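What follows is each chain in one-letter form.
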Amino acid sequence: MVQRGTGEEPAPPEKPACHHGSVAQSDRAGQPADPSTLVDVDALIAAYHDGRPDPADPAQRVAFGTSGHRGSAFRMAFNEAHIRATTEAICRYRVQRGYSGPLFLGRDTHALSAPATATALSVLVAHGVDVRVDAADGFTPTPAVSHAIIVANRPSDSWRHLADGIVVTPSHNPPEDGGFKYNPPNGGPADTDVTRWIQDEANRILEAPGSDGLDGIPRATDAKVRANASPYDFLGTYVDDLRNVIDMDAIAGSGLRIGVDPMGGASVAYWGAIRERYGLDLTVTNETVDPRFGFMTVDWDGKIRMDPSSQYAMARLVALRERFDIALGNDADADRHGVVTPTAGLLNPNHFLSAAIAYLFGGARGWGSDVAVGKTLVSSSMIDRVVADLGRRLVEVPVGFKWFVDGLVDGSIGFGGEESAGASFLRRDGSVWTTDKDGIIADLLACELTARLGHDPGASYAALTERFGTSVYRRVDAPATPEQKAALGRLDVSDVTAQELAGDPITAILTRAPGNDAPIGGLKVVTEHGWFAARPSGTENVAKVYAESFRGDAHLTRLIDEAQALVASVTAGVAS
């Protein structure tokens, strides 16, 4: 059993799974954060309140990506003005849509989350919104907010007063960042049409003068907020319900020695409650909550990120793997999972997704034969091979968990997963659990699999490679001009004339996802033995190139080289 404060230094990380193009890897990757580099929290919060973003500067406007609006107050990208305007826009959207039920508001442990929550509360309460906040004034994981929305909207007459939610979090982003995301009544990440409306309205408010702009937004006093925000037991409701999605009795009865590193995030109190509620042999290896995240080991580029899929960010837990049968991690809002085993170390997210799908649909759940498996198009093709062997339908969608929401709600998708360590799945009876990523149940599924099969997910994945082959996977961030990025986003299948890729005939060229025919905002090229996908970054001048080979590292390198050349060639043609 691991005790806190062992002082053990992390083991040197293994070879990275992700290459970052021309950006050099820091020589401090995987090492403890340098105290001199930690964020000045007081200065950051002062910048949040005092900063005046210029809406004429695109970098200082409200911009909803796949997981809400994110940015740093130091860069005038996440300031009080942004949150006032965005919350006001959400209030107006709720009126427009007729949502009159409770709004569940949660926050993570980032320094900017507390002041942003206070700002949002002042606007919501001033509008008379029935806001539900954590009963213990604690931190709330994203999946607990999604779960609360689903539970509130389950009664047959809930359409009369639909509930929705806001989570104040930048997920795994560095300590100086803030984040703000809206979850509509389906409980999942808001669709593009919703976020675009909220974003545009917020920016219109930022630009407008006088009472048409920020000056016209009502704000409740602190006393009125305290009197009108209703307490909700996010933790108790979520933890008590876990047995309906995970076989908690099997985990408890197995005697598994479980270690968990919440990485200073919102799941800290949840894991202790799970241990007590279900009688698990579970040790929280780090209970520290520090908005500077000074206890972290730094990521590949020397920055602090609470990314449970990064071998560098997870280095401390990986170093402790021999002390547990299985060890687990979460990011700051617990929508991502990390699984560490004694033999395999930190599992690649694709490997765990493959093992989880094989377990769930291989007899662990009695879901109907028509229940499908969902994956994003940049996730491993090992999933395709596993799903085909199971005789299940595969739903391959663009990047973004929002594409799984409808299928999880109606039960037609049993499991939705993405390569960046995000997943959720149905309750044991086949009904919806959460419609946002849930790193807690993904971690607990790793425990259930180990308890019931007698081996961990790393061993399960090794068995899959014996049947279906071994793959190597990598992501490259390739430099791309704004014009090239725009061209990549509007490619058509006819723009690609190549017949071969890395020595193999091309079997498919995709600009729309096969699972739902939605535009992928880029390109995917498939052969029998490998594939690549390329899509423009929303925040940087790079193209994200994902690739996988079932022929080894040399073939993967060739595949990536040819993929980059092909993307450069076709985007140049489209741009011209």
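Preceding block: the structure.
Note that the coordinates shown come from a computational prediction; the quantities given were computed from them, not determined experimentally.

Definitions and cut-offs
Residues numbered from 1 in each chain as written. Predicted model: local features only at pLDDT ≥ 70, side-chain atom pairs only at ≥ 80, totals over all residues. Heavy atoms only, no water. Helix = DSSP H or I, 4+ residues; strand = E, 2+ residues; numbered from the N terminus. Rg over C-alpha atoms; globule rule 2.2 N^0.38 Å. Buried < 20%, exposed > 50% of the residue type's maximum accessible area, 1.4 Å probe, protein only. Contact = heavy atoms within 4.5 Å. Areas by Shrake-Rupley, 256 points an atom, 1.4 Å probe, with all protein chains shown as cover. Axes fitted to C-alpha atoms, helices over the stretch in contact; angles between N-to-C directions. Parallel < 35°, antiparallel > 145°, perpendicular 65-115°, else oblique. Left-handed = near helix turned anticlockwise from the far one by under 90°. Nonpolar A, V, L, I, M, F, W, Y, C, P; charged D, E, K, R; others polar. Salt bridge = Lys/Arg side-chain N within 4 Å of Asp/Glu carboxyl O. Pairing = 2+ DSSP bridges. Phe/Tyr/Trp six-rings, centres within 6.5 Å; stacked < 30°, edge-to-face > 60°. Lys NZ or Arg CZ within 6 Å of the ring centre and 35° of its normal. Core = buried A, V, L, I, M, F, W, Y, C linked by side-chain atoms within 4.5 Å.

**Structural notes on the overall build of the chain**
- A count of helical and extended segments in the chain gives 17 helices and 22 strands.
- For 576 residues, the compact-globule estimate of 2.2 N^0.38 gives 25 Å, and the chain sits close to it at 23 Å.
- Each principal axis of the C-alpha atoms in the chain carries an extent, and together these give about 65 × 65 × 55 Å.
- Split into buried and exposed, the 576 residues of the chain put 59% on the buried side.
- A fraction of 71% describes how many contacts in the chain between residues 6 or more apart in sequence connect residues 24 or more apart.
- Here the chain displays about 21,600 Å² of accessible surface, and carbon together with sulfur accounts for 48% of that area.

**Focus: the packing of helix α2 (residues 80–97) against helix α5 (residues 192–207)**
- Relative to each other, α2 and α5 sit at 125 degrees, their axes nearing to 8 Å. Judged by the angle between their axes, α2 and α5 are oblique. In the packing of α2 onto α5, the handedness of the crossing is right-handed. Only Val 194, Trp 197, Ile 198, Glu 201, Ala 202, Arg 204, Ile 205 and Leu 206 of α5 make contact with α2, whose side of the interface consists of Ala 81, His 82, Ala 85, Thr 86, Glu 88, Ala 89, Ile 90, Arg 92, Tyr 93 and Gln 96.
- A per-class count over the contact of α2 with α5 returns 11 nonpolar, three polar and four charged.

**A short note on the environment of Ala 266**
- Here Ala 266 lies in the loop between β8 (257–261) and α9 (268–278).
- Among the residues examined, Ala 266 registers a relative accessible area of 3% and is labelled buried.
- Along the chain, Ala 266 and Thr 142 lie 124 residues apart, while their C-alpha atoms are 8.6 Å from each other.
- Setting aside its immediate chain neighbours within four residues, Ala 266 contacts Arg 107, Asp 108, Thr 109, Phe 139, Thr 140, Pro 141, Ala 332 and Asp 333.

**Section: the packing of α2 against helix α3 (residues 113–126)**
- The contact between α2 and α3 brings their axes to 9 Å, and the two run at 40 degrees. Considered as vectors, α2 and α3 are oriented oblique to each other. Crossing angle aside, the handedness with which α2 passes α3 is right-handed. Two secondary-structure elements touch here, α2 through Glu 80, Ile 83, Arg 84, Thr 87, Glu 88 and Cys 91 and α3 through Ala 116, Thr 119, Ala 120, Val 123 and Leu 124.
- A breakdown of the residues in the contact of α2 with α3 according to their chemical character gives six nonpolar, two polar and three charged.

**Some points on the environment of Ala 547**
- As for its placement among the helices and strands, Ala 547 is situated in strand β22 (residues 542–549).
- Looking at Ala 547, the relative accessible area reads 0%, which means it is buried.
- Residues within four places of Ala 547 in sequence aside, it is in contact with Val 472, Tyr 473, Arg 474, Trp 531, Phe 532, Leu 556, Leu 559 and Ile 560.

**As for the pattern of salt bridges**
- Taken as a whole, this structure holds 33 salt bridges when the rule is applied.
- With its nearest N and O atoms 3.3 Å apart, the salt bridge here joins Asp 177 to Arg 75. Of the two residues, Asp 177 is situated in strand β6 (residues 177–183) and Arg 75 in the loop between β2 (68–72) and α2; the sequence distance between them amounts to 102 residues.
- You can call Asp 177 buried: its relative accessible area is 7%.
- Its salt-bridge partner being Glu 201, residue Arg 204 comes within 3.3 Å of it at the nearest N-O pair. Of this pair, Arg 204 and Glu 201 both sit in helix α5, three residues apart, which is roughly one turn of that helix.
- Judged by relative accessible area, Arg 204 falls into the partly exposed class, the value being 38%.

**So, unusual backbone geometry**
- Look at Met 263: it is not a glycine, yet its phi comes out positive at around 55 degrees.
- Its place among the elements puts Met 263 in the loop between β8 and α9.
- Although it is not a glycine, Phe 293 sits at a positive phi angle of roughly 55 degrees.
- On the secondary structure map, Phe 293 appears in the loop between β9 (281–284) and α10 (315–319).
- Look at Phe 293 and you get buried, because its relative accessible area is 0%.

**Quick look at the sheet that holds strand β13 (residues 372–376)**
- Read across the open sheet, the four strands follow the order β14-β13-β15-β16; overall the sheet is mixed. The open sheet has two edge strands with one neighbour each: β14 (394–397) and β16 (422–425). The average angle at which neighbouring strand axes cross in this sheet is 15 degrees, direction not considered.
- Taken strand by strand, helix α11 (residues 349–364) contacts β13, β15 (413–418) and β16, and its axis lies near 170 degrees from that of β15.

**Digging into the sheet that holds β8**
- Read across the sheet, five strands follow the order β9-β8-β10-β11-β12 without closing on themselves; strand pairing throughout is mixed. Strand pairing shows two members of the sheet lacking a second neighbour, β9 and β12 (345–346), which therefore form its edges.
- Relative to strand β10 (residues 326–330), β8 runs parallel, the two sharing four bridges. Bridge pairing links Ile 258 to Ile 326 in β10.
- In the packing of helix α14 (residues 439–453) onto the sheet, contacts are made with β8, β10 and β11 (337–341), and the angle to β10 comes to roughly 170 degrees.

**A word on the packing of aromatic side chains**
- Evaluated as defined, the whole model comprises 14 aromatic pairs.
- Ring geometry for Tyr 232 versus Phe 234: centroids 4.8 Å apart, planes at 75 degrees, classification edge-to-face.
- When its relative accessible area of 14% is taken as the criterion, Tyr 232 is described as buried.
- Geometrically, the ring pair formed by Phe 293 and Phe 295 is tilted, given 6.0 Å between the ring centres and 55 degrees between the ring planes. With respect to burial, Phe 293 and Phe 295 carry one shared label: buried.
- Among the aromatic residues, those joined into a ring-pair cluster are Tyr 93, Tyr 99, Tyr 182 and Trp 197.
- Just above the ring of Tyr 278 sits the side chain of Arg 277; from NZ or CZ to the centre is 5.1 Å.

**A few points about the environment of Gly 374**
- Structurally, Gly 374 is set in strand β13.
- Separated by 17 residues in sequence, Gly 374 and Ile 357 place their C-alpha atoms 9.8 Å apart.
- The residues contacting Gly 374, other than those within four sequence positions of it, are Val 395, Phe 404, Ile 413, Phe 415, Gly 416 and Gly 417.

**Let's talk about the nonpolar core**
- In terms of nonpolar packing, the biggest core is built from 70 residues, with Leu 242, Ile 258 and Ile 274 touching the most fellow members.
- If sequence neighbours within four positions are ignored, Ile 274 has contacts with Val 239, Leu 242, Met 248, Gly 279, Leu 280, Ile 440 and Leu 444.
- Formed by 44 residues, the second largest nonpolar core is a distinct cluster that contains Ala 47, Leu 105, Ala 111 and Ile 166.

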